[in-house]
Amino acid sequence: MNKILAFALTAAVSSGAFAQDFPSKPITLVVPFAAGGPTDLVARQLAEALRKPLGGATVVVENAAGAGGTIGATKVARATPDGHTLLVWHIGMAATTSLYRKQQFKPLEDFEYLGMINDVPMTLLGAPKLPAKTYRDFENYIRANGGKLNLAHAGLGSASHLCGLMWQSAVKLDKSMTTIAYRGTGPAMNDLIGGQVDVMCDQTTNTTSQIEAGRVKAFAVTTAKPLSNHKLLKDYPSLQEMGLKGFNLTIWHAMYAPKGTPADVTKKLNDALQVALKDPEFIKRQEALGAVVVNDNRVTPAGHKAYVAGEITKLKTAIDAAGQFAD
Ligand code: ASP
């Protein structure tokens, strides 16, 4: 055997790169936020749905939180590209590149795109102690007290940060709220319930059960139109209806592998993802949380990548207008 071929074979075997052997060990879904939050929940439900289409493989979730998701994303970008370490992230893949001056990875170059999972609306929430009942009361209260209030989020570039930034910029507050960064909105939710922070905007996957239990106050949804089909959230107005022209923010989640993962492995992963997304149990669990499982071209690697490229451009305009950056 010539030397180059022998080297290629050794490299392929040591990285577990032959699709027929894949998966050869447990698959780790890296969630770049704390456990107990919305991205974590999506990943844990997906891990269960992926098991069967991956031939009974063990699929585990690892939380690598910090810096709005960029720490976990960097970890996956640098992981061995053999399909056993994957990233489950969200709109931050498109947002953080316009927020971090020294981002450690390039969203369109350093990953193999595996496909999108769901679209999730957000809800604008207040601590139970806030005197407001309606969105109008809430906006007036924040206008009058903005400088004294805190807004919780999951780090620069997280969905909650993006939503808070866009909302504050749309309502043109004289005094912005002080932002408090958490490692995820799971822990931030506890502080909102306890009243240590005043305001948070978060995915319905994290907020629905808390609203239902009356632990937090909800004021509006971030989609262009109200969620008229959602049993719990159908009566909340959309921000656009409340006069914030063009406000329309939906958070998507998606799955990625490190760049260089062999094509036959990424195909196996995308095939498994597509089966998981049609699993009635998965769909039911996601719908209960207000999420809509993706059923269009964005479940394909190319379709999702084209969508992210568009999101990067769209979000850059919104972020530049709101202006808040990190190194
Ligand atoms: N919802 C969070 C965010 O704002 C992240 C999380 O904890 O899943 O991006």
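About the criteria used
- Residues numbered from 1 in each chain as written.
- Predicted model: local features only at pLDDT ≥ 70, side-chain atom pairs only at ≥ 80, totals over all residues.
- Heavy atoms only, no water.
- Buried < 20%, exposed > 50% of the residue type's maximum accessible area, 1.4 Å probe, protein only.
- Helix = DSSP H or I, 4+ residues; strand = E, 2+ residues; numbered from the N terminus.
- Pairing = 2+ DSSP bridges.
- Axes fitted to C-alpha atoms, helices over the stretch in contact; angles between N-to-C directions.
- Parallel < 35°, antiparallel > 145°, perpendicular 65-115°, else oblique.
- Left-handed = near helix turned anticlockwise from the far one by under 90°.
- Contact = heavy atoms within 4.5 Å.
- Nonpolar A, V, L, I, M, F, W, Y, C, P; charged D, E, K, R; others polar.
- Polar contact = N/O pair within 3.5 Å; in protein donor to acceptor, adjacent residues only side chain to side chain.
- Near = heavy atom within 4 Å.
- Areas by Shrake-Rupley, 256 points an atom, 1.4 Å probe, with all protein chains shown as cover.
- Disulfide = S-S within 2.5 Å.
- Phe/Tyr/Trp six-rings, centres within 6.5 Å; stacked < 30°, edge-to-face > 60°.
- Lys NZ or Arg CZ within 6 Å of the ring centre and 35° of its normal.

Draft legend 1. Region of the structure containing the pairing of strand β3 (residues 85-90). β3 sits mainly inside the fold: 5 of its 6 residues count as buried. Pairing of β3 with strand β9 (residues 250-258), which is carried by 4 bridges, proceeds in the antiparallel orientation. Each bridged residue has a counterpart across the sheet, and for Leu87 the counterpart in β9 is Tyr256.

Draft legend 2. Seen up close, unusual backbone geometry. Note that the residue after Phe22, namely Pro23, is joined by a cis bond; omega there is -5 degrees. One non-glycine residue, Ala67, adopts positive backbone phi at about 50 degrees. Note on Ala67: relative accessible area 35%, which makes it partly exposed. Here the phi dihedral of Lys172 falls at roughly 55 degrees; this positive angle occurs in a residue that is not glycine. The topology assignment puts Lys172 in the loop between α6 (159-171) and β6 (178-181). We classify Lys172 as exposed; its relative accessible area is 64%.

Draft legend 3. Examining the packing of α6 against helix α11 (residues 301-322) more closely. Axis separation between α6 and α11 bottoms out at 9 Å; the angle between their running directions is 60 degrees. Considering their axes alone, α6 and α11 lie oblique with respect to each other. The handedness of the crossing between α6 and α11 comes out as left-handed. Contact residues: α6 offers Leu162, Leu165, Met166 and Ser169, while α11 offers Leu315, Ala318, Ile319 and Ala322. A per-class count over the contact of α6 with α11 returns 7 nonpolar, 1 polar and no charged.

Draft legend 4. Region of interest: the side chain of Glu139. Inspection of the secondary structure assignment puts Glu139 in helix α5 (residues 135-145). Among the residues examined, Glu139 registers a relative accessible area of 8% and is labelled buried. Polar contacts involving the side chain of Glu139 include one to the side chain of Arg143, which spans 2.8 Å.

Draft legend 5. The arrangement of the site of the ligand in detail. By nearness alone, every residue bordering the ligand is listed as Phe33, Pro38, Thr39, His90, Ala154, Ser158, Ala159, Ser160, Gly184, Thr185, Asp202 and Gln203. Ser160 has a polar side-chain atom sitting 2.5 Å from an oxygen atom of the ligand. Within the side chain of Thr185, one N or O atom sits 2.8 Å away from a nitrogen atom of the ligand. In isolation the ligand has 270 Å² of accessible area, and contact with the protein removes 100% of it. Secondary structure elements with two or more residues in the shell around the ligand: α2 (38-51), α6 and β7 (199-203). Its residues assigned to classes, the shell around the ligand comprises 4 nonpolar, 7 polar and 1 charged.

Draft legend 6. Representation of the state of the cysteines. Enumeration over the complete set of coordinates arrives at 1 disulfide. With its sulfur 2.0 Å from that of its partner, Cys163 forms a disulfide with Cys201. Every disulfide takes its handedness from the sign of the S-S torsion; for Cys163 and Cys201 that torsion is 60 degrees, giving right-handed. Here Cys163 is found in helix α6, whereas its partner Cys201 is found in strand β7, with 38 residues between them in sequence. Accessibility classification places Cys163 together with Cys201 in one group, the buried group.

Draft legend 7. Spotlight on helix α10 (residues 280-288). N-cap assignment for α10: the residue whose side-chain oxygen lies 2.9 Å from the backbone N of Glu281 is Asp279. Trailing α10 by a residue or two, Gly290 shows a phi angle of about 85 degrees, which is positive.

Draft legend 8. Seen up close, the packing of aromatic side chains. Counting across every chain of the model gives 8 aromatic pairs. Here Tyr135 and Phe138 contribute two aromatic rings whose centre-to-centre distance is 6.3 Å and whose plane-to-plane angle is 50 degrees, an arrangement assigned as tilted. Here the residue Tyr135 and the residue Phe138 both occupy positions in helix α5, the gap between them amounting to 3 residues, near one helical turn. Chaining the aromatic ring pairs together yields one cluster made of Trp89, Phe105, Phe111, Tyr113 and Tyr256. Across from the ring centre of Tyr307, 4.8 Å away, lies the NZ or CZ of Arg298, which sits over that ring.

Draft legend 9. The arrangement of the pairing of strand β4 (residues 111-126) in detail. Buried residues dominate β4, accounting for 16 of its 16 residues. Summarising the sheet, β4 and β9 pair through 9 bridges and their orientation is antiparallel. Of the residues in β9, the one forming a bridge with Glu112 is Ala257. As judged from the 2 bridges shared by β4 and strand β10 (residues 292-293), these two strands associate in the antiparallel manner. Residue pairing across strands places Asp119 opposite Val292, the latter belonging to β10. In this structure, β4 lies alongside β7, joined through 5 bridges in antiparallel fashion. Bridge pairing in β7 places Gly126 opposite Val199.

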